[in-house]
Amino acid sequence: MRQAFFGHGASRGSALGRARVRLPHALEVAEERISPAQVEAELARLHAAIETVRGEMHALRERLHGALAHEVGEFLDLHTLLLDDPELLHGLDELIRTGRYAADYALRLQRDRIASVFEAMDDAYFRSRVDDIDQVIGRIHAALHRRAGEMQGVAGEILITDNVAPAELAQLQTQGVLAIVTSAGSALSHSAILARSLHLPLVVGASQALLKINDGDALTVDGSSGTVILEPNADDLRAHRTRVREHARERKQLHRLRREPTRTVDGVDIKLYANAESREDVAEAHALGAAGVGLYRTEFLFLQRSELPTEEEQFRAYRDVVLGMTGRSVTIRTLDLGADKADRTGLALRDEPNPALGLRGVRLSLARDGLLETQLRALLRASGYGPLRVLVPMVSSREEIRRVKRLLDQVAADLRREGHEIAEHVPLGAMIEVPAAAIALPSFIGAIDFLSIGTNDLIQYLLAADRNNEALGELYTPLHPAVLRLIRDVIRLARARGKSVAVCGEMAGDPAFAPLLLALGLEEFSLHPATLLELRRAIRGMDLGALRARAPALLRARDRKAIEAWLRAD
């Protein structure tokens, strides 16, 4: 019987397929004991399952590149660390050896033990890590029951589940999943962002779907409207085919914009830069006609290794980015690493109570002897091959910028003395992602050449709302008057002082927010290449003068509803 379920569209696209239902990760297994003679065989069975999971995660890590390697890799690395945790492994062995429990029940007991410790902590970050524990335990449990040669994937099917982890998304797509529907989650979560990058339809918050849909049911999923239809009728099937045709036509139209300028209807050119992290990202940005690279992440050089990258390794990586853009500007961000990322080099602190507010970004770079100096030497050497700018993350004070600038000048002098060819001037910029930096900007704007507003963290810190906390989904939003006013203030000051300013967070890549940013004075966007053409098309249909004329009304908006009404009136 036909039923409709409604959630939030988190990643566009339309899918038609059979349902594959995955119940929540909590293990509901009955207590089962084994005989002394079965202990060694049960241990071998468990260890083989753990090795299978290790191999799967390693294989997935090897296949990833670019922004996906950065985002998904963080979660894979964390899961790998959990999988190697001596407390987890020793506890499982003891439950089987001493308690004589079957591996399934040992997994449940050990999961509950570890989760109870995390859930009792006061810090919300560590409480949230229970999801990662469930993901790892769930992978081991699945491997225990996988028959030789059994397909892991859900090829041609639509996954219905409570939630989906970022680390799963790329693997699910390669296995042939058509779309994902979750009963929980947020359209602003890491998973949603990655789904959009993968062009994988995703509907979140469809609370009844997991209760009413069964394995094998026929479904249509509309990732734009957030609508899921169970046992679709003829009208639903026609609507699905129409959406598929429209999407294909849209992709063709977008392809034609690769060589077109990003120019508003009233003749103003807007610069679209690309966020990148690999040669593949750089090549795609170049092919799409990006004005340059607005944010090149350097963390990938430091993750998944036990030693720090040398100056020579870093230099070659940065040089290749510069050469790959053939004369277009490249902005490279210095290391933005902290305890929230799975770092094996020993740089990041392991037990920070709140990593989001801890020793990360420029704070970490300045706290570790030689770390920033080595990176700046590599960056300046790469500047000899084309236009390069240095961007400093997590700035919160004037003194941090002054210290970086002094070191940059010193390194430049050293390199010239050593005979290296470097640019006469390498622009230095600051990320505005901490509210204190936005407020204190007048005190240090004279020491920098450009600004980049990182809206992901700026919104999170300004509103005290974790974007991955689904309970705060309505609170974490760019459509908050305080967010728009702070962005406006930063842009206005930068323009008054003759400094360029870009927005490089997720807000920049969403065409729905482009009217807001243009109205507030923004003329430079930096975004994932996957949405660059969509944004170009949207901007080419906008009248910048008309938007700027409506900016006062936007800034008078008192709440989200008023801002949404302003957008609808566009």
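Numbering of residues starts from 1 in every chain and runs along the sequence as written. Restriction of local features to residues with pLDDT of at least 70 applies here, the model being predicted, together with a cutoff of 80 or more for giving and counting side-chain atom pairs; totals for whole chains, interfaces and linings are based on all residues. Water and hydrogen atoms were dropped before computing side-chain values, which therefore reflect all heavy atoms in the structure.

Enquirer: For this particular structure, what's the right way to read the sheet that holds strand E8 (residues 227–230)?
Expert: Whenever strands of a sheet pair, they do so through backbone hydrogen bonds, lying parallel or antiparallel. With respect to topology, eight strands assemble into an open sheet ordered E1-E8-E7-E3-E4-E5-E6-E2, the strand pairing being mixed. The two strands at the open ends of the sheet, each matched to only one other strand, are strand E1 (3–6) and strand E2 (8–11). In this sheet, adjacent strand axes meet at a mean angle of 30° when their direction is disregarded. Examined bridge by bridge, strand E7 (residues 218–222) and E8 share four bridges and lie antiparallel to one another. Pairing of Val-221 across the sheet is with Val-228, part of E8. Any pair of residues with heavy atoms lying within 4.5 Å of one another is described as a contacting pair. To obtain each axis, a line is fitted to C-alpha atoms, and for helices this fit is confined to the stretch in contact; angles are then taken between N-to-C directions over 0 to 180 degrees. Helix and strand definitions here come from DSSP, where helices need a minimum of 4 consecutive H or I residues and strands a minimum of 2 consecutive E residues; each element is numbered from the N-terminal end. In the packing of helix H8 (residues 190–198) onto the sheet, the strands contacted are E2 and strand E6 (202–204), and the crossing angle to E2 comes to about 60°. Pairing between strands requires that DSSP locate at least two bridges from one strand to the other.

Enquirer: It is not clear to me how the environment of Trp-566 should be interpreted in this structure. Could you clarify?
Expert: Inspection of the secondary structure puts Trp-566 in helix H23 (residues 560–568). Per-residue accessibility, obtained with a 1.4 Å probe over protein chains only, is compared with the maximum for each type, and a residue is labelled buried under 20%, exposed over 50%, and partly exposed between these values. Look at Trp-566 and you get buried, because its relative accessible area is 6%. In this structure, the C-alpha to C-alpha distance between Trp-566 and Leu-554, residues 12 residues apart in sequence, is 6.5 Å. Apart from the residues within four sequence positions on either side, Trp-566 is in contact with Pro-515, Leu-516, Ala-519, Leu-547, Arg-550, Ala-553 and Leu-554.

Enquirer: Where do I start with helix H12 (residues 311–324) in this structure?
Expert: The periodicity of an α-helix, 3.6 residues per turn, causes residues three or four places apart in sequence to face the same way. The span expected for a helix works out to 1.5 Å for each residue beyond the first. The terminal C-alpha atoms of H12 lie 20 Å apart, and with 14 residues this matches the ideal 20 Å at 1.5 Å per residue to within 8%. The secondary structure elements touched by the buried residues of H12 are helix H11 (279–287), strand E10 (292–296), strand E11 (329–333), helix H14 (371–382) and strand E12 (388–392).

Enquirer: What am I meant to see in the nonpolar core here?
Expert: When a protein is soluble and globular, its nonpolar side chains tend to lie buried together. We call a set of buried Ala, Val, Leu, Ile, Met, Phe, Trp, Tyr and Cys residues a nonpolar core when their side-chain atoms join them within 4.5 Å. Of all hydrophobic cores here, the largest spans 101 residues; its most connected members are Ile-432, Phe-444, Leu-451, Ile-453, Ile-487, Leu-516 and Phe-525. Residues Val-39, Ile-50, Leu-107 and Ala-143 belong to the second largest nonpolar core, which totals 27 residues.

Enquirer: Which parts of the structure should I look at to understand the pattern of salt bridges?
Expert: Note that side chains of opposite charge can pair when their charged atoms are close. Salt bridges are identified by distance alone: a Lys or Arg side-chain nitrogen within 4 Å of an Asp or Glu carboxyl oxygen. Within the structure shown, the criterion is met by 36 salt bridges. Note that Glu-42 and Arg-45 form a salt bridge whose closest N and O atoms lie 2.8 Å from each other. With a gap of three residues between them, Glu-42 and Arg-45 both fall in helix H1 (residues 39–63), about one helical turn apart. Take Glu-42: its relative accessible area is 11%, and that puts it in the buried class. Where Asp-489 meets Arg-488, a salt bridge forms, and the shortest distance between an N and an O atom there is 2.8 Å. Taking the relative accessible area as the measure of exposure, Asp-489 reaches 35% and is therefore partly exposed.

Enquirer: I'm lost on unusual backbone geometry in this one. Help?
Expert: A negative phi angle characterises most non-glycine residues, just as the trans form characterises most peptide bonds. Unusually for a residue other than glycine, Arg-100 sits at a positive phi of about 60°. For Arg-100, the position within the fold is in the loop between helix H3 (86–97) and helix H4 (103–119). With a phi angle near 45°, Thr-326 is a residue other than glycine that sits in the positive phi range. Within the secondary structure, Thr-326 sits in the loop between H12 and E11. For Thr-326, a relative accessible area of 55% puts it in the exposed group.

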